[in-house]
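Observations on chain architecture
One letter stands for each residue in the lines below.
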Amino acid sequence: MATTVELRSPGMATRAIHWATALLVLSAWVVGSTMEEFPRGAGRDLAMQVHYSLGVLVLGFAALRVAWRAMAPPSPAEGPAWQRLAAVAMHIALIGLTIGVPLSGLLDRWARGRAVTVFGGVPLPAPFPVPGGRIWGEAHEVLANLMLAAIAAHVLAALWHQFVLRDRAISRMVRG
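Here goes a summary of the coordinates provided. (Residues numbered from 1 in each chain as written. Predicted model: local features only at pLDDT ≥ 70, side-chain atom pairs only at ≥ 80, totals over all residues. Heavy atoms only, no water.)

1. A short note on the packing of helix α2 (residues 42–71) against helix α3 (residues 81–111)
Contact geometry for α2 and α3: axes closest at 9 Å, N-to-C directions at 140°. Crossing angle aside, the handedness with which α2 passes α3 is left-handed. Along its contact with α2, which presents M48, Y52, G55, V58, L59, A62, R65, V66 and R69, the element α3 presents H91, I95, T98, I99, P102, L106 and R109. Looking at side-chain class alone, the contact of α2 with α3 contains ten nonpolar, three polar and three charged residues. (Axes fitted to C-alpha atoms, helices over the stretch in contact; angles between N-to-C directions. Helix = DSSP H or I, 4+ residues; strand = E, 2+ residues; numbered from the N terminus. Left-handed = near helix turned anticlockwise from the far one by under 90°. Contact = heavy atoms within 4.5 Å. Nonpolar A, V, L, I, M, F, W, Y, C, P; charged D, E, K, R; others polar.)

Here is the structure:
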């Protein structure tokens with residue numbers, strides 16, 4: 001006898017964290033991808049400060065997401081074991097990348113002795129001497145590219161759920 005399990009919609013807080021993080025990541029990527037095109041000077045410095053500020057917000061929302069998942073765990077994934085494993089792995093990867101990308105960016109600046117100023121002039125000094133030099137910048141770029149690939153896979157999986165499995169995955173994340 002087959003049983004049907006109704007999937008629970010994520011709560012408003014979960015959806016707000018998800019979409020705010022998505023908007024911040026997209027914004028940080030757009031600014032980060034274009035800031036090197038600005039001529040050296042005030043405009044480029046402002047673009048860099050906006051990029052750093054967005055990165056700090058992404059890091060903050062990642063911490064919030066981890067705390068929220070600990071307090072309000074998501075409902076168990078449905079489907080075959082490989083799909084459940086893929087869903088859990090993807091969410092862990094996305095959370096890890098929303099921590100790793102901005103953190104590696106901060107470590108890059110600090111390791112090279114460069115200032116990090118956010119939110120219109122608030123300095124973020126290195127909490128300790130950071131070794132590694134430019135390796136953190138390389139890590140930042142690699143992790144950012146991995147994040148883009150993970151986001152693309154996440155979006156494709158959501159579309160597959162919505163339009164092939166017809167389980168309203170996107171509808172639940174938009175409207176609840």
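So, next bit.
2. Considering the pattern of salt bridges
Evaluated as defined, the whole model comprises five salt bridges. For R44, the salt bridge is made with E36, and the minimal N-O distance between the two is 2.4 Å. The exposure class of R44 is buried, given its relative accessible area of 10%. On the accessibility criterion, E36 (46% relative accessible area) is partly exposed. Among the salt bridges present, the one from R134 reaches D108, with a minimum N-O distance of 3.6 Å. Of this pair, R134 sits in the loop between β2 (122–123) and α4 (135–165) while D108 sits in helix α3, placing them 26 residues apart in sequence. A relative accessible area of 8% places D108 in the buried class. What emerges from the salt-bridge pattern is a single network uniting D108, R112, R134, E138 and E141. (Salt bridge = Lys/Arg side-chain N within 4 Å of Asp/Glu carboxyl O. Buried < 20%, exposed > 50% of the residue type's maximum accessible area, 1.4 Å probe, protein only.)

So yeah, pure geometry; function would need other evidence.
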